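Listed below, chain by chain, are the residues.
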Amino acid sequence: MDYTKKIIRQSNYWYNDGLKKARIRDMSGAIVSLRRSLQYNKGNVTARNLLGLVYYGRGEVVEALVEWIISKNLRPKNNLANAYLQNIQHSARGLEVINQSIKRYNQCLVYCQQNGEDMAIIQLKKVTVSHPTFLKAHQLLALLYLHTKQYAKAQQVLTKARKLDTTNETTLRYMHELTQIRGKKAKKPENKGTKKKKRKKETIEYSLGNETIIQPAHRMVKEIAGRFTLMNIVLGMAIGAAIVWFLIMPAVDESKSDKRNREVLEYSERINGLEAQLSAVTRTLDSYRADSADSEEAVQTAAATAESYEALMTASEQYSSGSYTEDSIADLLLNINRGALGENGQERYDDLTESVYPVACSSNYESGTASYNVANYDTAIEALSKVVRMDESYDDGGALLTLGLACLDNGDPESATNYLKRVNELFPDGEYGEEARTKLDEIAAAASQNTEE
């Protein structure tokens, strides 16, 4: 059974499950599924990118950046993580807002430890406005509202948090707690025997001589006075706003312009710092890859060495038993990597080849030549290739020449050219060398004619 395909299939299954949950804003469930997908296949770049998006959707920008940076290093090109990182780096204002939101959130945790709930609530309101997807900030604000018995506000904040992540365990626990608190609030029983108090009269009547005078009660006077007070407050606010707009705002605008210039410089420095961090992470990952490649190469070398020793032991046992032909023993020896053997192994290998190869060469050369003469080129090539691997100069180049001719007649002029050139290099003055040059000229002429056509 192919376990690699099974593991990849499992990784893709959990990725699809995480994608379904992310589409319905089940962020917590999506995170669990995507992490499980990466447990099966850490190189699943698509799952890692989606995990970063889910973190980003919950306002956890740092966790999202970590996933995208790893994804970028796993696949430097044609990767959506590159676009995500560029969008964040190019939004200097967004980076500053996120940074300030995280700092305020951490400060609120300190306020909570020091029993400063009021200060924490004020700061968390600012955080949820500037960074509305920051789920942890909504949850902490709701918890503080519950603690200070502001249940209506807690309900509003928890509703927003539920929209960000529909199945988050913390949000659901707070909502359950709020439901229980509201259920325990009992209404005071009404006494049926008591009569309802009569409303106070809105007017007062009294007689003055023969005349009856009617005037508003004190309650009405208070309501009218309250309305005038409210009007005065609104009018005062309007006047104050006008003063701020015409007198103070010009100076504030100038101050904001200077502040923006300073912020641009700070953002540039931060972006450079982020790029330096990314470069450091890249170097670290490159070193891990190099170590992994070295380890893999070492494993392959060890495996090749073990296979070579095992084949050498088998060949030695077969030769000592006298029950095997030199051809079969030679097949084992040809598959041994002499360089992977130790000093004693190489000595034993040389002894065997000196005894086995001459007999095996003679047998294979004879059968290969016979196959070539009857146009059985595949069998001829197989046998003669073994002869050339055992002794390239066998029969003063006869094995090389016949192998080249077999390749040429079998429709492989490229391999034939290589073998014939080798004959010409090793035996330029011999009979086989002259025949090899003649065939090379014929091959060149045929190639030239095909090009002209």
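Here the structure is a predicted model, which is why all the values come from computation and not from measurement. (Residues numbered from 1 in each chain as written. Predicted model: local features only at pLDDT ≥ 70, side-chain atom pairs only at ≥ 80, totals over all residues. Heavy atoms only, no water.)

### Points about the packing of aromatic side chains
- If you walk through the whole model with that rule in mind, you get six aromatic pairs.
- Pairing tyrosine 56 with tryptophan 68 gives two aromatic rings, centres 6.0 Å apart and planes at 40°, and the pair type is tilted. Remark: tryptophan 68 occurs in helix α4 (residues 61–74) and tyrosine 56 occurs in helix α3 (residues 45–57); sequence separation between them is 12 residues.
- According to the relative accessible area criterion, tryptophan 68 is buried, its value standing at 2%.
- Centroid distance tyrosine 365 to tyrosine 394: 5.3 Å. Interplanar angle 75°. Geometry classified as edge-to-face. Residue tyrosine 365 is found in helix α13 (residues 343–373), and its partner tyrosine 394 is found in the loop between α14 (377–390) and α15 (398–409); the two are separated by 29 residues along the sequence. Assigned by exposure class, tyrosine 365 and tyrosine 394 land together as buried.
- Taken together, Tyr56, Trp68 and Tyr84 form an aromatic cluster joined through their ring pairs.
- The positively charged end of arginine 36 is found above the aromatic ring belonging to tryptophan 14, 4.6 Å away from the centroid. (Phe/Tyr/Trp six-rings, centres within 6.5 Å; stacked < 30°, edge-to-face > 60°. Helix = DSSP H or I, 4+ residues; strand = E, 2+ residues; numbered from the N terminus. Buried < 20%, exposed > 50% of the residue type's maximum accessible area, 1.4 Å probe, protein only. Lys NZ or Arg CZ within 6 Å of the ring centre and 35° of its normal.)

### What about the nonpolar core?
- One finds Leu333, Ile336, Tyr349, Tyr357 and Met390 to be the most contacted residues of the largest nonpolar core, which totals 37 residues.
- Of all the elements in the fold, those that place two or more residues in this core are α11 (218–321), α12 (326–334), α13, α14, α15, α16 (413–426) and α17 (431–452).
- The biggest single contributor to this core is α13, with eight residues.
- Excluding residues within four positions of it along the chain, isoleucine 336 makes contact with Ser308, Ala311, Leu312, Leu341 and Tyr349.
- Of all hydrophobic cores here, the second largest spans 23 residues; its members include Tyr105, Tyr111, Leu141 and Tyr151. (Core = buried A, V, L, I, M, F, W, Y, C linked by side-chain atoms within 4.5 Å. Contact = heavy atoms within 4.5 Å.)

### Some remarks on the environment of leucine 400
- Examined against the element boundaries, leucine 400 turns out to sit in helix α15.
- The spacing of leucine 400 and leucine 384 is 16 residues in sequence and 7.7 Å in space, taken between C-alpha atoms.

### Section: the environment of aspartate 327
- Position of aspartate 327 relative to the elements: it lies in helix α12.
- Considering only alpha carbons, one finds aspartate 327 and serine 362, 35 residues apart in sequence, at a separation of 9.7 Å.
- Discounting residues that sit within four places of it in the chain, aspartate 327 has contacts with Ala360, Ser363 and Asn364.
- Side-chain polar atoms of aspartate 327 contact the side chain of serine 363, separated by 2.9 Å. (Polar contact = N/O pair within 3.5 Å; in protein donor to acceptor, adjacent residues only side chain to side chain.)

### Describing the packing of helix α8 (residues 135–147) against helix α10 (residues 169–184)
- Two elements in contact, α8 and α10, have axes separated by 10 Å at closest approach and are oriented at 20°. Looking at the two axes, α8 sits roughly parallel to α10. Both α8 and α10 take part in a crossing whose hand is left-handed. In this structure, α8 contributes Leu135, Gln139, Leu143 and Leu146 to the contact, and α10 contributes Thr170, Thr171, Tyr174, Leu178 and Ile181. (Axes fitted to C-alpha atoms, helices over the stretch in contact; angles between N-to-C directions. Parallel < 35°, antiparallel > 145°, perpendicular 65-115°, else oblique. Left-handed = near helix turned anticlockwise from the far one by under 90°.)

### Comments concerning the pattern of salt bridges
- As enumerated under the stated definition, the model contains nine salt bridges in all.
- In this structure, the salt-bridge partner of lysine 21 is aspartate 17, at a minimum N-O distance of 3.3 Å. A residue pair is termed a helical-turn pair when its members lie 3 or 4 positions apart in one helix, as lysine 21 and aspartate 17 do in helix α1 (residues 3–23) at four residues.
- Among the ionic pairs, glutamate 67 bridges to arginine 48, the shortest N-O distance being 3.0 Å. Here the residue glutamate 67 occupies a position in helix α4, and arginine 48 occupies one in helix α3, the gap between them amounting to 19 residues. (Salt bridge = Lys/Arg side-chain N within 4 Å of Asp/Glu carboxyl O.)

### Some points on unusual backbone geometry
- Unlike most non-glycine residues, asparagine 115 shows phi in positive territory, near 60°.
- As for its position among the elements, asparagine 115 is in the loop between α6 (92–113) and α7 (117–130).
- At lysine 149, a residue that is not glycine, the phi angle is positive and equals roughly 65°.

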